[in-house]
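The chain contents come next:
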Amino acid sequence: MSHHLFLLSPSDTPLYSLSHQSTKQGASASSPLGANLPTWSTSPFSGRMSALAGAPNTAMQSAGLGGGAAGGQDRLNALRMVANASLDVLENVVFRDNGMYLKGLDKFNEWTVSAFVTAGNMKFILLHEGKNDDGIRGFFFEVWELYVKTMANPFHSAHTPIRSPVFDHRVRASAKRYL
Amino acid sequence: MASNVKQYKAIGEELWKGRSEKINAELFALTYGALVVQLIQDYEDYDEVNKQLEKMGYNIGTRLIEDFLARSGMGRCSDFREVGEVIAKVGFKTFLNITPGVVHALPPSPTPNRQSNPTPSQPSFTLTLDENPLTEFVELPEDALEGGLWFSNVLCGVIRGALEMVQMQVQAEFVSDVLRGDESSEIRVKLVKYLEEEVPVGDD
């Protein structure tokens, strides 16, 4: 079960991203769509994309067709598109809901998008398969703590991409524990 | 000698506890960090920033020594070795609540030089800071690392300013810094000369 985390600044610039392969057994890892197995390749993915004529798909399609052999990178791009698409939903929900942790925000094939919005309008987007609400909530809170510590660095502003290896290492450790 | 050290530690502890005005450490660290970042933006040259931090420290030190002597009531230090001990155990403890380790490096001759002498046979001591409240959350970006920024350079200035007010001209500089990836943060303080009673240089 893999997870993809994206940290977005208040102006929606991507500051940090992480892909994590979980070693834990997910609650329900299998999906009805048989081709969506861990060993993805670009062609079946883009094929499915074209089959479901959704708004974000057109861009992905071109990315998929253009990419061809670069399977992994395209998949990541596709996931980024999914994350971006969920931002619209996120804005709507944030308008209504006061909480920080927004679970099950958006669903795309078998990918669920959960989000965490801080008071400073910093968004943490997590793409995951299956259900793992408590683990994800714990993970988000830890990432939030780590992020606050990073923000305390005077050389860092709300829009600087986070390149600190310490932060990266800690987020990975946290991901291993919660996801 | 050992009893002196213990005495200084006790005095330092008492002074720290007795201080009624303390400041939140996070606020202190954030304020200093903002100051350094602003200096970097203004000067854009890390050497210049180091110099400015040292100058600021110098101004702080010349005033801080009065406060220190008034509160601690310490008398004259008998030799440069004692100066190092007092700075580390009483001075730093009173104002920052940290006790850096001291390592002395005295010249072979026991009497300190009375004239300014550029040869390496000058007494010096090295302060090793295991913790530094100024750098609580700080991580230096790459260009600061390459540019040679000493983040806590203000401390060197404070030491230089304070000692100048008690008739000692010293050179204080960082030799290593944890923020730069070194093992420990160390300040080396070298005695240049004892100042005779002169008319002090005007504050410009």
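Chain B carries the name Trafficking protein particle complex subunit BET3 in an unreviewed UniProt entry, which gives Ephemerocybe angulata as its organism. Listed under Sequence similarities (unreviewed entry) in UniProt, the entry text for chain B is "Belongs to the TRAPP small subunits family. BET3 subfamily."

By the naming in an unreviewed UniProt entry, chain A is Transport protein particle complex subunit, taken from Ephemerocybe angulata.

Let's shift gears to the sheet that holds strand β4 (residues 111–117) of chain A. Residues and elements named next belong to chain A. Strand order in the open sheet formed by five strands is β2-β1-β5-β4-β3, with antiparallel pairing between adjacent strands. In this open sheet, the two strands that pair with only one neighbour each are β2 (14–21) and β3 (101–108). Within this sheet the neighbouring strands show an average axis-to-axis angle of 20 degrees, counted without direction. Together, β1 (2–8), β3, β4 and β5 (123–129) form the strand contacts of helix α4 (residues 133–151), whose direction differs from that of β5 by roughly 150 degrees. With respect to the sheet, helix α5 (residues 165–178) is in contact with β1 and β2, its orientation differing from that of β2 by roughly 40 degrees.

All names here are of chain A. In this structure, S114 sits in strand β4. Assessed through its relative accessible area of 0%, S114 is described here as buried. Within the structure, S114 has its side chain in polar contact with the side chain of H128 (distance 2.9 Å).

Across chain B, pLDDT averages 88, with 89% of residues at or above 70. Scoring of the predicted complex yields 0.75 for pTM and 0.70 for ipTM.

Turning our attention to the pairing of β4(A). Residues and elements named next belong to chain A. Judged by how many residues are buried, β4 sits mostly within the fold: seven of seven residues are covered. On β4, burial covers both faces: W111, V113, A115 and V117 on one face and T112, S114 and F116 on the other are all buried. Where β3 lies against β4, five bridges are found, and the strand directions are antiparallel. From the neighbouring strand, F108 faces β4, where its bridge partner is W111. From the end of β3 to the start of β4, which pair antiparallel, there are two residues, and N109 there has a positive phi angle of about 50 degrees. Across seven bridges, β4 lies against β5 in antiparallel orientation. The residue of β5 that forms the bridge with S114 is L126. Linking β4 to β5, which pair antiparallel, is a turn of five residues; within it N121 sits at a positive phi near 65 degrees.

Moving on: the pairing of β5(A). Every other side chain in a regular strand lies on the same face of the sheet, so the side chains alternate between the two faces. Residues and elements named next belong to chain A. By the criterion of burial, β5 is predominantly enclosed, with seven of the seven residues buried. Here β5 shows no split at all, with K123, I125, L127 and E129 on one side and F124, L126 and H128 on the other all buried. As defined by bridge partners, β1 adjoins β5 across six bridges and the pair is classed as antiparallel. What sits directly across from L5, in β5, is L126.

About the criteria used
- Residues numbered from 1 in each chain as written.
- Chains lettered and ligands numbered in written order.
- Predicted model: local features only at pLDDT ≥ 70, side-chain atom pairs only at ≥ 80, totals over all residues.
- Heavy atoms only, no water.
- UniProt positions renumbered as here; feature names shortened; annotations may be inferred.
- Pairing = 2+ DSSP bridges.
- Helix = DSSP H or I, 4+ residues; strand = E, 2+ residues; numbered from the N terminus.
- Axes fitted to C-alpha atoms, helices over the stretch in contact; angles between N-to-C directions.
- Contact = heavy atoms within 4.5 Å.
- Buried < 20%, exposed > 50% of the residue type's maximum accessible area, 1.4 Å probe, protein only.
- Polar contact = N/O pair within 3.5 Å; in protein donor to acceptor, adjacent residues only side chain to side chain.
- pLDDT = per-residue confidence, 0-100.

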